[in-house]
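Coordinate analysis (summary)
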Amino acid sequence: MKLLNVEVVLNHAKGIQQAEFEHDVLQEHDDGTTSYAILSHRWGVEVTYEEMIGWMKMEERKRDEVRERSGYQKIIKSCEKAKEDGYKWLWIDTCCIDKRSSAELSEAINAMYRWYQNAQVCYAYLNDVDESVFPTERDHSKFGQSNGSPEWFMRGWTLQELIAPKRVEFFNKDWMPIGNKRRLAPTLRGITGIPREVLTNGMIGQRLSVAQIMSWAAERKTKRVEDRAYSLMGLFGVTMPMVYGEGKNAFRRLQLEIIKETSDHSIFAW
């Protein structure tokens, strides 16, 4: 996996120039042997992989425009938090995958659950939370588009990003810490339907039916139809090629892959 070099990113943000920035800012590492932090967030106006490695060749006007993006601020704030916590490396899906390469994108999506699972900590950024405490009660006047809870909880990809990591730390829109997965487990269970034992100890060793896992994703949404299936692969321990453009056939392929791995007939409820 390609990881952001936290020190290089922060030095560059301070105006400290490095001759080899484009080679140093993203480096290849083994997720099984490297200590790193990882970000979970809702996409907005982001910074891409091409922009990150091409920063030094960018015109100054373009750089100024990138610096104003919410995605750039997320990168800087995440790196600051990672450095504060003692991590040299950070992974963010928006800028650590070269999406121009279908092979790299497919590899990343198939490995993503493992990458979140192997991270030492996951920073979950809730950009629509203003308060300095986690919203424990549903508020439909504030979160009317997401069933009364922060929108992060209604997105397809964030399901595995909540379950897979050992530690999940939540932050509000100003990057103030507002709780962690373990302490908030009772509240998170009410929001997501995920059992407390899964939230605190993960899925290994849990007796979970296919239908039960599918139910956690039932109300979640993804921008691409195919991602409804692709975002569930890690939860079921299966892999398959990415075929964007296949539409709902992606979910049928997911079901077939699950059937190969289990005799649980509850899958036919979906």
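Anything mentioned here points back to the structure above.
A few points on the structure. Quantities reported herein were computed from a predicted structural model and do not represent experimental measurements.

1. A short note on the packing of aromatic side chains
- The final tally for this structure, using the stated rule, is 12 aromatic pairs.
- Here the aromatic rings of W152 and F170 are separated by 5.7 Å at their centres, their planes lie at 85°, and the arrangement is edge-to-face. Residue W152 is found in the loop between β5 (121-125) and α7 (158-163), and its partner F170 is found in strand β6 (residues 168-171); the two are separated by 18 residues along the sequence. Across the pair, exposure class does not vary: W152 and F170 are buried alike.

2. Brief notes about the pattern of salt bridges
- This model, assessed by the stated rule, comprises 23 salt bridges.
- A salt bridge links E257 to K260; the shortest N-O distance between them is 3.2 Å. With E257 and K260 both in helix α13 (residues 249-261) and 3 residues apart, the pair spans about one turn of that helix.
- Salt bridges sharing common partners tie together E51, K62, E65 and R69.

3. A look at the pairing of β6
- The alternating pattern of β6 places V168 and F170 on one face and E169 and F171 on the opposite face, and all of these are buried.
- Across 4 bridges, the pairing between β5 and β6 is parallel. Of the residues in β6, the one forming a bridge with Y125 is F171.
- Considered for its hand, the β-α-β crossover made up of β5, α7 and β6 is right-handed.
- Direction of pairing for β6 relative to strand β7 (residues 177-180): antiparallel, over a ladder of 3 bridges. When the bridges of β7 are listed, E169 appears paired with N180.
- Between the antiparallel neighbours β6 and β7 lie 5 residues, among them W175 with a positive phi of about 65°.

4. A short note on the packing of helix α1 (residues 6-13) against helix α5 (residues 70-84)
- α5 packs onto α1 with a crossing angle of 125° between their chain directions and a minimal axis gap of 9 Å. As summarised for this structure, α1 and α5 are arranged oblique, according to the angle between their axes. In this structure, the crossing between α1 and α5 has a hand that is left-handed. The residues of α5 that touch α1, namely those facing V6, E7, V9, L10 and A13, are Y72, I75, I76, C79, E80, A82 and K83.
- Residues of the contact of α1 with α5, tallied by class, amount to 9 nonpolar, no polar and 3 charged.

Reading the values: the criteria
- Residues numbered from 1 in each chain as written.
- Predicted model: local features only at pLDDT ≥ 70, side-chain atom pairs only at ≥ 80, totals over all residues.
- Heavy atoms only, no water.
- Phe/Tyr/Trp six-rings, centres within 6.5 Å; stacked < 30°, edge-to-face > 60°.
- Helix = DSSP H or I, 4+ residues; strand = E, 2+ residues; numbered from the N terminus.
- Buried < 20%, exposed > 50% of the residue type's maximum accessible area, 1.4 Å probe, protein only.
- Salt bridge = Lys/Arg side-chain N within 4 Å of Asp/Glu carboxyl O.
- Pairing = 2+ DSSP bridges.
- Right-handed = clockwise from strand over helix to strand, strands pointing away.
- Axes fitted to C-alpha atoms, helices over the stretch in contact; angles between N-to-C directions.
- Parallel < 35°, antiparallel > 145°, perpendicular 65-115°, else oblique.
- Left-handed = near helix turned anticlockwise from the far one by under 90°.
- Contact = heavy atoms within 4.5 Å.
- Nonpolar A, V, L, I, M, F, W, Y, C, P; charged D, E, K, R; others polar.

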